[in-house]
Amino acid sequence: PISSLKRRLQEVSLQTGLYLMSFWFGYIPRIVEDFVRTATGELNYDLITAVHCIFANQGFIFLVIYFTLQQRSQKETVPVAEINTTYETVSKIRANAARRKSSSRESSLAN
């Protein structure tokens, strides 16, 4: 159990790191462009065009990361604990609930 937990934490940290890296990949050029415009007082149209292209492709980058991680997680199977469940019919469930109500009433009257 500990090794699977450790592996899952590594997967989550990898996924978080990839998403944050791609987020900042889209925003850092924008911040740099704003800083250059403020510092020089001029518009650098080549830089503005590059920034808008990078920012517009950020959704595509998220898409690639998402599907890559989905494909990777489907290849790896994590063992899941089996839960013993008994399947009952609706009528058995209702009868059991009615039995519990009547037994709880009887015990409250006895007290």
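Residue numbers run consecutively from 1 along every chain, following the written order of its sequence. Residue-level local features of this predicted model are given only where pLDDT is at least 70; pairs of side-chain atoms are given and counted only at 80 or more, and the full residue set underlies all totals for whole chains, interfaces and linings. Only hydrogens and water are set aside; all other atoms, that is, all heavy atoms of the structure, feed into the side-chain values.

Peer 1: Which residues make up the packing of aromatic side chains, and what values do they have?
Peer 2: Pairing of aromatic rings covers Phe, Tyr and the six-membered ring of Trp, with a centre-to-centre limit of 6.5 Å; geometry is then stacked below 30 degrees between planes, edge-to-face above 60, and tilted otherwise. A full pass over the atoms with the stated rule returns 5 aromatic pairs. Geometrically, the ring pair formed by Y19 and F62 is tilted, given 5.8 Å between the ring centres and 45° between the ring planes. In this pair, Y19 is assigned in helix 1 (residues 2-40) and F62 in helix 3 (residues 58-75), connecting sequence segments 43 residues apart. Look at Y19 and you get partly exposed, because its relative accessible area is 22%. With relative accessibility at 26%, the residue F62 sits in the partly exposed group. Ring centres of F23 and W24 lie 5.2 Å apart, and the angle between their planes is 80°; on these two criteria the pair is classed as edge-to-face. Relative accessibility under 20% of the residue-type maximum defines a buried residue, over 50% an exposed one, and the middle range a partly exposed one, all with a 1.4 Å probe and only protein chains included. Residue classification places W24 among the partly exposed residues on the basis of a relative accessible area of 42%. Note on conventions: DSSP H or I runs of at least 4 residues are helices, E runs of at least 2 residues are strands, and numbering of each starts at the N terminus.

Peer 1: So what about helix 3? Which residues, and what values?
Peer 2: Expected helix span is given by 1.5 Å per residue-to-residue step, counting one fewer step than there are residues. In a regular helix each residue adds 1.5 Å, so 18 residues correspond to 26 Å; helix 3 covers 26 Å between its end C-alpha atoms and thus fits that length. Among all positions in helix 3, only Q58, I65 and L69 are buried. For helix 3, the arc enclosing every buried residue in end-on projection is 25°, short of the 170-degree limit, so these residues lie on one face. Along helix 3, the residues that are exposed and aim more than 90 degrees away from the buried face are F60, F67, Q71, Q74 and K75. An arc is given here, and it is the one of the directions from the helix axis to the C-beta atoms.

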